[in-house]
Structure formats: structure tokens, C-alpha cells
Amino acid sequence: MTNLAIAAHGLRKSYGDKVVLDGVDLAVPEGTIFSLLGPNGAGKTTAVKILSTLISPGPASGAIRVGGHDLTADPQAVRAAIGVTGQFSAVDGLITGEENMLLMADLHHLSKPEGRRAAAELLERFDLVEAAKKPAATYSGGMKRRLDIAMTLVGNPRIIFLDEPTTGLDPRSRHNMWQIIRELVSDGVTVFLTTQYLEEADELADRIAVLNDGKIAAEGTAEELKRLIPGGHVRLRFTDPAAYQGAVATLPDSTRDDESLSLQIPSGGSQRDLRSILERLDSAGVEADELTVHTPDLDDVFFALTSTDQPKETVR
Amino acid sequence: MSTLALAARDSSTMLRRNLLHARRYPSLTLNLLLTPIMLLLLFVYIFGDTLGAGLGGGRSEYIAYLVPGLLLMTIGSTVIGTAVSVSNDMTEGIIARFRTMAIHRGSVLVGHVIGSVLQSVMSVVLVGAVAVAIGFRSTDATVLEWLAAFGLLVLFALALTWIAVGMGLVSPNAEAASNNAMPLILLPLLSSAFVPVDAMPGWFQPIAEYQPFTPAIETLRGLLLGSEIGHNGWLAVVWCVGLAVLGYFWSTSTFNRDPK
């Protein structure tokens, strides 16, 4: 069995009457990307804050080990093993990017030349060389996030927590960030990632846990989770009633909407699924005016995962 | 690395960070320096003749009377900046980062405190230079008395800084920090800094006499100008040590609590 980088049993936390985490079990093997997926207020950030020793776990929590160390008994050993990039930028805006990096090097007790080398390497790797001499407060959102991660990497942490690393980034910066995260794991680092985007978890994570209302609603690989989601479908729209009738005949498993002359065919949206639909339409000689693929999104996940508890809500 | 060596190393890193902030953004420090300098000029050149006459002399006698109190008031003014910058700092994400790193916990605060004490000393030197420029002279002070005066100023700065750090930590934002720290610059007005305690209403005299500023002012006066120190010496030291210890425990326990 592989070693666990993070192992938490019955993680709990409440503020007054408000229960934020209600018994969360987590097991993250070393060298993998684990994603905690959930909407705002699900408790993702609280989980990261506890696991990264920023706040204490609730008194009723079970054993929590991070990097092989007990979180409550030896928080300093945990801190020595981890790196954290929180949701809100953790850079010192008043000093330059380079000074931020050297500050981290000093706090990791690197020697002067070692620190300077590490700072220069990471600034280069994260494309911050040009901006290195400017105050971090003047950086764009994407640059701040890159500096933030670069600072987290000083001292080579074995476990990295990333709390919504791409929230608020433009698509290009988001893809850059994904690339960065993939590179981290190729070095054997464990990444614990929170996100509200299913797509992001899908792209990056080996395993995904869906956190809803302080509880894990489901856990598994992206594929396993998607099987739980009935939301994916292909939608065909017609203007010609004859073509519409032809399509209905050739695709009997579709859901009809006679008013708008459109059909919904349950589908994961894969190439093979699409080809099979198109081939059936072609062989029947039917041409659709519009074809859209609806992939499962977080709404669908939650609808699917909460509907088992609340059957009433499945009726739309 | 031993705990002490770790604490020293991390604290000096944090000190460097704070000095970098102060050097790059000196406006806050300089603004706070204006208050004591303006008060010095105001009391010497506008009120000086009358107040000097009240002491049985003139303006030059009043300069001698006023300066020790103003030097200590300068410290009170400087540490308002400490409260503001600590409060500002706590709203920054970087503090959360520090909390998740294997560094000495207290180093964040120690860095602020040492940085602030150094700033206080520099401010005192600047205000002192202005005072000398307008005619303040120390009389009959030996080298030992000078050193003692310097030591008292540093100890007083340390005490007020720890209190100001605590105030900064419990303040939700910079405005609140500035308001909470306001008593540190108002207290000198209710001390023997501007007029002798004997000249105040009888019911108020005990308050003025035993608040932290008056014993320190009287001690500094005695060291620089040779006036009677009496029980004010040990009273000043007790106040300083007491406030420093109180501020230290208040600040560290506040900082060690879970952040919001």
C-alpha cells in the first residue's frame, strides 16, 4: 500500500452553531493530485486551513496526519513538510517580487547563495524575471498568483495545498496554472487542490471528493463521478417537422420536445457517442439544424448527489 | 537549529522585512513625527513666554522644561504607526503564509517590535535635534546619565510598542488601530510634560502623577537637567517593565489564537 500524504478521520469544525465540516474523511496517497470540489461555502477553505495548521480542528475531530506527522501534536513538523497557497494572495505587496522570494528563502533558512539561486530559478520558471524588481502590489492577478505559488515552492515542500488556485484568472492564466500544477506532481509532490470547477478537477485530479454542506457527498476518480451524473446530453434542434419526425424514429431513446422540434439524447459527450448519433442521423438521411453538447457541470453533480437524500427535489 | 537560534534568525528576517517597509514607505513615520515637532514649536514660540513665566523664568527655561516630555511623547506618536502597520499587516495574506511555515511563531511580532523601537529611537533623535537647534541644552549631565537617559527612552519605547502591537492585533482595520492607539499620544497631555503636576487641580494630581508618562518624564528631566528624581526612577522602570510584559503576553496570546 502506498503511503498517505494526508490522512484525516472525522474532520470537524464549527463556528458557534454553524457546522462547517461535519465529519470529513480524507486519504491522499503520496505523489497524487487530490481535488476537493464544492460550491462556495461548502467548507473547502476551512478544510485547507485545518490541514495546513492555520486553524485548529474542531474538538470532536479524529486523528489527522499530514506528511506522516500528527497535526495537533506536532504542527511544526507538518509545517516543515507543506507549502500553502491560499485563496487570497499571500504575497507582501509592499516589497518587490524578488524580495518576496528572498524573504521565503531566509525563512526556510537557506544560505545567501542558495536562497538567491532558488529565487532566481523560480522567478525564471514562473516568468516573473521582468517584474522581479517591481512591488508585488502592482502585479496583475495572474502574476500575483504565480508569485504566490513560486513563494510556496521555496524550500521544496513535499505536500502543496492550493486553495482555488484559478478562481478569478482569465482562461490563458488558468491553463498556465494547470500546466504548473501538472509539473509539480511529476516531481513526486502531493497536491491538495480545492476548486469549484468540475472541469478543473477533471483536468488535474487523480481523485476527487465532492464536498457539500460540510460532508463528502461522493468520492472517486473523475470517471467514477461522471457516471453518477445524469446531466450530460446531446441536443438536436430542427426547423423542418419532417426531419424532426425522421430523427425521432431513428433515435428512439431520445426525449422529445415537440413544441420546439428538439431532441435530447443522453450522452457523455465523447467522440464515440457523437459519431454514433451522427451516423444514425446520416443513415436515416436526416440533417439537424443545430447540435449542442451539454457536458455535466457542477450543478449536475450536486443535483445528482443530493437527489438521493431528497427524492422530492428530483422532480423538476 | 536550537529554538533560540531559530527565534533569533527568524526575528531578524522579519525585522529586515519591516525595515524595508519603513524605508520604502516613510510617509507614515514622517507624518507621525510632525505632531511632536509642531507641538514643540507651538509651545515654545507661541505659549513659551507665558508658560515660562509661570515656572518663574522665560522662554528658554520653558524649552528645558518641555523637551523631556516631548521626547517621550514622540515615542507615543511613533507607536501609533506601529499599531496601524501591525493591523494592516494582519489583513495581508502573507501573515497566513507565515503561520503555515515552520518558523518561530513570535518572530512576526518581534520583528515589528524591534523595528518600531528602532524607529522610535530615530524619531527621538530627530526631535531632539530640533530641540537642540532651538536652544535646548542638557546641563550637568554625566556620560552615565546620558546613557541612562538613552536606556530609559529605549525601555519606554519597548513598553509602548508591545502595547501598540496588542492594539494593532485586536483592531479590525487601520482606522480602528489608529483610534485605539490614540491614548498613547493623549496621555502626555495629562502628564507633567507641559505644566507641572502641582499646577493642576488637586483631584486630578494623583492621576497625572502616577500615570506612566509622568514618572518617565520626571526621571528623564532629572537625568538631563539635574532636577530631583526621587521615587520617579523606580516608578518609571516598574511602569515600563509592567507594560512591556503585559503587552507581550496580550500580543502573543492574541496572535496565537486562530485567525478569523
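Procedures and definitions
Residues numbered from 1 in each chain as written. Chains lettered and ligands numbered in written order. Predicted model: local features only at pLDDT ≥ 70, side-chain atom pairs only at ≥ 80, totals over all residues. UniProt positions renumbered as here; feature names shortened; annotations may be inferred. Helix = DSSP H or I, 4+ residues; strand = E, 2+ residues; numbered from the N terminus. Buried ≥ 20, exposed ≤ 12 C-beta atoms within 10 Å, placed from the backbone. Contact = placed C-beta atoms within 7 Å. Expected span 1.5 Å × (residues − 1). pLDDT = per-residue confidence, 0-100. Pairing = 2+ DSSP bridges. Axes fitted to C-alpha atoms, helices over the stretch in contact; angles between N-to-C directions. Parallel < 35°, antiparallel > 145°, perpendicular 65-115°, else oblique. Left-handed = near helix turned anticlockwise from the far one by under 90°. Nonpolar A, V, L, I, M, F, W, Y, C, P; charged D, E, K, R; others polar. Domains from an automatic or database assignment.

In the annotation of an unreviewed UniProt entry, the entry for chain B reads Transport permease protein, and the organism field reads Actinoplanes aureus. Entered under Sequence similarities (unreviewed entry) in the UniProt record, the comment concerning chain B runs "Belongs to the ABC-2 integral membrane protein family."

As recorded by an unreviewed UniProt entry, chain A carries the name ATP-binding cassette domain-containing protein and is attributed to Actinoplanes aureus. Here is the UniProt Subcellular location (unreviewed entry) comment for chain A, exactly as written: "Cell membrane".

(A) Up close: the overall build of chain A. In terms of regular secondary structure, chain A is built from 11 helices and 14 strands. Overall, chain A is about 75 × 50 × 40 Å in size when its C-alpha atoms are taken along their principal axes. For chain A, buried positions account for 42% of its 316 residues. For chain A, long-range pairs separated by at least 24 residues make up 68% of all intrachain contacts whose partners lie at least 6 apart in sequence.

(B) How the structure looks around unusual backbone geometry. One non-glycine residue, H109(A), lies in positive phi territory at about 60°. The residue H109(A) is located in the loop between helix 3 (97-107) and helix 4 (112-125) in this model. Its 17 C-beta neighbours within 10 Å are what place H109(A) among the partly exposed residues. Its identity is not glycine, yet D140(B) carries a phi of approximately 60°, on the positive side.

(C) Region of interest: the environment of V28(A). With respect to the helices, strands and loops of the structure, V28(A) is situated in strand 2 (residues 18-29). When neighbours within four sequence positions are excluded, V28(A) is seen to be in contact with L4(A), A5(A), I6(A), F34(A), T190(A) and F192(A).

(D) Helix 4 of chain A, seen in detail. Counted at 1.5 Å a residue, the expected span for helix 4 of chain A with its 14 residues is 20 Å, and the 20 Å between its end C-alpha atoms agrees. Here the buried face of helix 4 of chain A lies against helix 3 and helix 5 (141-153) of chain A.

(E) Representation of the confidence of the model for chain B in the model. Residues at a pLDDT of 70 or more form 99% of chain B, whose mean pLDDT is 93. Predicted complex metrics record ipTM = 0.87 and pTM = 0.84.

(F) Quick look at the pairing of strand 13 (residues 262-266) of chain A. All names here are of chain A. Direction of pairing for strand 11 (residues 233-237) relative to strand 13: antiparallel, over a ladder of 5 bridges. Looking at strand 13, one finds that V234 is bridged to I265. One ladder, built from 3 bridges, connects strand 12 (residues 255-257) with strand 13; its direction is antiparallel. When the bridges of strand 13 are listed, R256 appears paired with L263. Taking the residues between adjacent antiparallel strands as the criterion, strand 12 and strand 13 are bridged by 4 residues, where L261 takes a positive phi near 55°.

(G) Geometry of the packing of helix 3 of chain A against helix 5 of chain A. Residue and element names in this part refer to chain A. Viewed as axis vectors pointing N to C, helix 3 and helix 5 meet at an angle of 20°, and their least axial separation amounts to 9 Å. For the element pair helix 3 / helix 5, the angle class is roughly parallel. Where helix 3 crosses over helix 5, the handedness of that crossing is right-handed. Two secondary-structure elements touch here, helix 3 through G97, N100, M101 and M104 and helix 5 through L147, A150 and M151. Tallied by class, the residues present in the contact of helix 3 with helix 5 amount to 5 nonpolar, 2 polar and no charged.

(H) Quick look at the interface of chain A and chain B. Contacts between the two partners involve 23 residues from chain A and, on the opposite side, 21 residues from chain B. Of all elements in the fold, only helix 2 (75-81), strand 6 (82-85) and helix 3 of chain A reach the threshold of two or more residues within the side of chain A that touches chain B. A total of 4 residues in the side of chain A that touches chain B trace back to one element, the largest contributor, which is helix 3 of chain A. Partitioned by chemical class, the residues of the side of chain A that touches chain B number 12 nonpolar, 7 polar and 4 charged.

(I) Quick look at the domain arrangement of chain A. Entries for chain A in the domain assignment read domain 1 (4-91 + 139-221) and domain 2 (233-295). For domain 1 of chain A versus domain 2 of chain A, the separation of C-alpha centres amounts to 41 Å.

(J) Inspection of the confidence of the model for chain A at higher detail. All names here are of chain A. A residue-level look at chain A finds 93% of positions with pLDDT of 70 or above and a mean pLDDT of 87. The element-level mean pLDDT for chain A is lowest in helix 11 (residues 298-307), coming to 64, with helix 3 highest at 96. Scored below 50 in pLDDT, residues 308-316 makes 2 contacts in the model with residues more than four places away or belonging to other chains.

(K) Layout of the sheet that holds strand 6 of chain A. Residue and element names in this part refer to chain A. One open sheet holds the 6 strands; their spatial order is 6-7-8-3-9-10, and the pairing between them is mixed. At either margin of the open sheet sits one strand with a lone partner, and together these are strand 6 and strand 10 (215-220). Put simply, the sheet's adjacent strands are angled 15° from each other on average, direction ignored. Here 5 bridges tie strand 7 (residues 159-163) to strand 8 (residues 190-195), and the two strands are oriented parallel to one another. If you follow L162 over to strand 8, its bridge partner there is L193. Each of strand 6 and strand 7 touches helix 5; the most contacted strand, strand 6, lies at about 170° to it.

(L) Focus on the sheet that holds strand 14 (residues 290-294) of chain A. Residue and element names in this part refer to chain A. On the basis of which strands lie adjacent, the open sheet formed by 4 strands has the order 12-13-11-14 and antiparallel pairing. One side of each edge strand has no neighbouring strand; the edge strands of this open sheet are strand 12 and strand 14. Within this sheet the neighbouring strands show an average axis-to-axis angle of 15°, counted without direction.

(M) Here's a closer look at the UniProt feature "transmembrane region" (unreviewed entry) in chain B. All names here are of chain B. Cross-referencing UniProt, the feature "transmembrane region" (unreviewed entry) maps to residues 25-47, 62-87, 108-134, 146-170, 182-204 and 233-251 in the present numbering. Span residues 146-170 is 100% helix and 0% strand, its end C-alpha atoms 37 Å apart. Between the C-alpha atoms that bound residues 233-251 the distance is 27 Å, and the span itself is 100% helix and 0% strand.

(N) Inspection of the packing of helix 4 (residues 59-90) of chain B against helix 7 (residues 143-170) of chain B at higher detail. Residues and elements named next belong to chain B. Interhelical geometry of helix 4 versus helix 7 gives an angle of 30° and a closest axis separation of 8 Å. For the crossing formed where helix 4 meets helix 7, the hand is right-handed. Only L153, F156, A157, L160, T161, A164, V165, M167, G168 and L169 of helix 7 make contact with helix 4, whose side of the interface consists of L71, L72, I75, G76, V79, I80, T82, A83, V84, V86, S87 and M90. Taken together, the residues of the contact of helix 4 with helix 7 break down into 17 nonpolar, 5 polar and no charged.

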